[in-house]
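Take a look at the letters that make up each chain.
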Amino acid sequence: MSYDKIEVPDEGEQITYDEDEDVLEVPDHPIIPVLHGDGIGKDVGPAAQKVLNAAAEATGHDIAWMDVYAGEDARETYDENLPQETVEAIREHRVAIKGPLTTPVGAGFRSLNVALRKKLDLYANVRPTYYLDGVPSPVKDPEEMDMVNFRENTEDVYAGIEWEAGTDEVEEVRDFVEDDMGFDATIHDGAVGIGVKPITEFGTKRLVRRAIEYAIENDRDSVTLVHKGNIMKFTEGAFRDWGYEVAEEDFPEETIDEDTLWEEYDGEAPDDVVVVKDRIADNMLQQLLTRTENYDVLAMPNLNGDYLSDSAGAQIGGLGIAPGANFGDGRVLAEPVHGSAPKHAGKDKANPTAMILSGKLMLEYIGWDDAADLVHEAVESQISEHRVTYDLERQVEGGVKLSTSEYAEEVVERIEDLA
């Protein structure tokens, strides 16, 4: 496919997808779109590319990077925030990585991150949370945290169905809710903003199905459905019920529920089954701290997933090291969990670890496990010796403060030594 302002590398081939077999077909020299993003994305994006290039080359692979644009760069190049070219380039090439994009609060344009996920139907936001040796943590035993959060990515309050206070539209919705639907004593008088929270059976089941498949394939003990169904009975309560239906209907031999676990197995699950259970979201937030070791994979609606994954990330040292990726059918867009931190932009000081480890998820997705393992080992070795960026250096005794680019260069050297 040709583009107006995106340059397709002369060398490199396109990744394709066999829908019937649900398999990516990855050439030796794949073209992978990269979007550095806003703020510190300009620092951590190139740093991550250097590390991923080194891991690929050390294991006999090669990446042809293709720059695409959104946010600030897109406004300069296209005079818009999210050009259709960018969406089409990622859709066409199937595997991509991006840095953080700024979203204004209260006004202005809607989240570009959410827009990309919805336009590309990247319905599963997956955030592994695990401890790296040497990272300073606020908890006593951070190594107990080893969870993978599956956050539904296209529904819930993030669907963007809302009306602004003071508009004719919001008053029309208020009238409908109060007069037609009978909630006449629910909304306070005066200005009001109203949003709609859609949770569908389709969206829920494909997310939970993917979480259970992951747990089975990776020998995880449990999948926990995290919801607020005691209050939001017909949305988050339905999420829980539909999640259990997926387990019962699609994985009857591979899963059991918690009642069966205790009634038939006295709490000791067989090695070859995944326990599917559920927890109320606010209770789960405290169990992240008090019973960390009891949880493996969490499956959640969109908003819960945002809160829970950030909270889990705090236990292993913060969002500067927390990776993530958005998955659809035969498609992935890797991205770090952290934001754009504009006050630190261009200072060559931000921690690129989260972006690098997001790249590790991307490498795993295309089947380059050897390269992904090198990335993990080199990053953990670097951090364990406390040769780190300012955010970690200031928290450890005897640490050596490195710039973003210096940190990436040293990780590259470790990859070369390990290979």
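Above: the structure in question.
This is a predicted model, so every value here is computed, not measured.

Some points on the overall build of the protein
Next, step 1: Scanning the protein from terminus to terminus reveals 14 helices and 17 strands.
Next, step 2: A compact globule built from 419 residues would reach a C-alpha radius of gyration of about 22 Å, and the protein, at 22 Å, matches this within 12%.
Next, step 3: Projected onto the principal axes, the alpha-carbon positions of the protein cover approximately 65 × 60 × 50 Å.
Next, step 4: Relative to its full complement of 419 residues, the protein shows a buried share of 53%.
Next, step 5: Put simply, 73% of the contacts in the protein that link residues at least 6 apart link residues at least 24 apart.

Considerations on the packing of helix α6 (residues 201-217) against helix α7 (residues 236-250)
Next, step 1: Running from amino to carboxyl end, α6 crosses α7 at an angle of 55°, the nearest separation of the two axes being 9 Å. Our classification of the angle between α6 and α7 gives oblique. Judged by the sense of rotation from one axis to the other, the crossing of α6 with α7 is right-handed. Across from Glu201, Thr204, Lys205, Leu207, Val208, Arg209 and Ile212 in α6, the residues of α7 making contact are Phe239, Trp242, Gly243, Glu245, Val246, Ala247, Glu249 and Asp250.

Things to note about empty space enclosed by the protein
Next, step 1: A full pass over the atoms with the stated rule returns 2 cavities of 30 Å³ or more.
Next, step 2: Its volume calculated, the largest cavity comes out at about 40 Å³.
Next, step 3: For the largest cavity, the full set of lining residues is Arg127, Pro128, Thr129, Ser309, Gly313, Ile316, Leu319, Ala322, Pro323 and Val337.
Next, step 4: No other element matches the 3 residues that strand β6 (residues 124-130) contributes to the lining of the largest cavity.
Next, step 5: For the lining of the largest cavity, a count of residues per class yields 6 nonpolar, 3 polar and 1 charged.
Next, step 6: Volume-wise, the second largest cavity comes out at about 40 Å³.
Next, step 7: Forming the boundary of the second largest cavity are Pro128, Thr129, Tyr130, Leu132, Ile316, Ile321, Ala322, Pro323 and Leu357.
Next, step 8: Among the elements that take part in the lining of the second largest cavity, β6 stands out by supplying 3 residues, more than any other.
Next, step 9: Broken down by class, the residue content of the lining of the second largest cavity amounts to 8 nonpolar, 1 polar and no charged.

Quick look at helix α10 (residues 302-315)
At 3.6 residues per turn, the α-helix brings residues three or four places apart onto the same side.
Next, step 1: With 14 residues, α10 extends 21 Å from end C-alpha to end C-alpha; this agrees with the ideal 20 Å at 1.5 Å per step.
Next, step 2: Looking only at α10, the buried set comprises Asn302, Asn304, Gly305, Asp306, Leu308, Ser309, Ala312, Gly313 and Gln315.
Next, step 3: Contacts from the buried residues of α10 go to β6, β7 (146-152), β10 (222-227), α7, α9 (281-290) and β13 (297-300).
Next, step 4: Two residues or fewer after α10 comes glycine 317, characterised by a positive phi angle close to 120°.

A word on the pattern of salt bridges
Next, step 1: Following the criterion strictly, the structure yields 23 salt bridges and no others.
Next, step 2: Between glutamate 249 and lysine 205 there is a salt bridge, and its shortest N-O distance comes to 3.8 Å. Of this pair, glutamate 249 sits in helix α7 while lysine 205 sits in helix α6; the two residues are 44 residues apart in sequence, bridging distant segments of the chain.
Next, step 3: Take lysine 205: its relative accessible area is 11%, and that puts it in the buried class.
Next, step 4: Among the charged side chains, a network of salt bridges with common partners joins Arg127, Arg151, Asp306 and Asp310.

Here's the deal with the packing of aromatic side chains
Next, step 1: Across all of its chains, the model carries 3 aromatic pairs by this definition.
Next, step 2: It is lysine 277 that lies over the ring of tyrosine 295; its NZ or CZ is 4.6 Å from the centre.
Next, step 3: Note that lysine 349 overlies the ring of tyrosine 390, its terminal NZ or CZ placed 4.3 Å from the centroid.

Looking at α6
Next, step 1: Compared with an ideal rise of 1.5 Å per residue, which puts 17 residues at 24 Å, α6 spans 24 Å between its outermost C-alpha atoms and is within 8% of the ideal.
Next, step 2: Those residues of α6 that fall on the buried side of the exposure criterion are Gly203, Thr204, Lys205, Arg206, Leu207, Val208, Arg210, Ala211, Ile212 and Ala215.
Next, step 3: Residue aspartate 219 follows α6 closely and has a positive phi angle near 55°.

Details of the layout of surface pockets
Any empty space left between atoms is shown by rolling a water-sized probe over those atoms.
Next, step 1: In this structure, the second largest pocket encloses a volume near 940 Å³.
Next, step 2: Secondary-structure elements contributing two or more residues to the lining of the second largest pocket are β2 (23-25), β6, β7, α6, β14 (325-328) and α11 (353-365).
Next, step 3: Of the residues forming the lining of the second largest pocket, the biggest block, 6 residues, is contributed by α6.
Next, step 4: Within the lining of the second largest pocket, the residues separate by chemical class into 13 nonpolar, 4 polar and 11 charged.

Things to note about the sheet that holds β7
Next, step 1: Strand order in the open sheet made by the 11 strands is β4-β3-β5-β15-β14-β6-β7-β13-β10-β12-β11, with mixed pairing throughout. Sheet topology places β4 (64-67) and β11 (255-257) at the edges, where each strand pairs with a single neighbour. Going across the sheet, the axis of each strand differs from the next one's by a mean of 25°, ignoring polarity.
Next, step 2: Direction of pairing for β6 relative to β7: antiparallel, over a ladder of 7 bridges. Paired with proline 128 across the two strands is valine 148, which belongs to β7.
Next, step 3: Strands β7, β10, β12 (274-280) and β13 of the sheet are contacted by α9, whose axis makes an angle of about 110° with β12.

How each quantity is defined
- Throughout this description, residue numbers start from 1 for each chain and increase along the sequence as written.
- Whole-chain, interface and lining totals are the exception, using all residues; otherwise, since this is a predicted model, local features are given only for residues with pLDDT of at least 70 and side-chain atom pairs are given and counted only at 80 or more.
- As a convention, hydrogens and water are excluded, and side-chain values are obtained from all of the structure's heavy atoms.
- Counting from the N terminus, the helices are the DSSP runs of H or I reaching at least four residues and the strands are the DSSP runs of E reaching at least two.
- Between the two quantities, the radius of gyration covers C-alpha atoms and the globule rule is 2.2 Å times the number of residues to the power 0.38.
- We call a residue buried when its accessible area falls under 20% of the maximum for its residue type, exposed when it is over 50%, and partly exposed in between, using a 1.4 Å probe and counting protein chains only.
- We call two residues in contact when some of their heavy atoms are within 4.5 Å.
- Simply put, an axis is a line fit to the C-alpha atoms, just over the touching stretch for a helix, and the angle between two N-to-C directions goes from 0 to 180 degrees.
- Each angle gets one of four labels, with under 35 degrees taken as roughly parallel, over 145 as roughly antiparallel, 65 to 115 as roughly perpendicular, and the rest as oblique.
- We call a crossing left-handed when the near helix sits turned anticlockwise from the far one by less than a right angle, and right-handed when that turn is clockwise.
- Both cavities and pockets are sets of points on a 1 Å grid over the protein atoms alone; in a cavity a 1.4 Å probe fits but cannot get out, in a pocket the set is open with protein on both sides within 12 Å along at least five of seven lines, and lining residues sit with an atom within 4 Å of a point.
- Grid points are joined across faces, edges and corners, and a volume is the space filled by probe spheres set on the points.
- Each residue gets one label: Ala, Val, Leu, Ile, Met, Phe, Trp, Tyr, Cys and Pro are nonpolar, Asp, Glu, Lys and Arg are charged, and the others, such as Gly, are polar.
- Between the first and last residue of a helix there are one fewer steps than residues, each counted as 1.5 Å, and that sum is the expected span.
- By convention in these notes, a salt bridge is any Lys or Arg side-chain nitrogen within 4 Å of a carboxyl oxygen on Asp or Glu.
- By convention, a stacked pair of Phe, Tyr or Trp rings (six-membered ring in the case of Trp) has centres within 6.5 Å and planes under 30 degrees apart, an edge-to-face pair has planes over 60 apart, and any other such pair is tilted.
- A ring is considered to have a charge above it if a Lys NZ or an Arg CZ atom is located within 6 Å of its centre and within 35 degrees of its normal.
- Note: two strands are recorded as paired if DSSP finds a minimum of 2 bridges between them.

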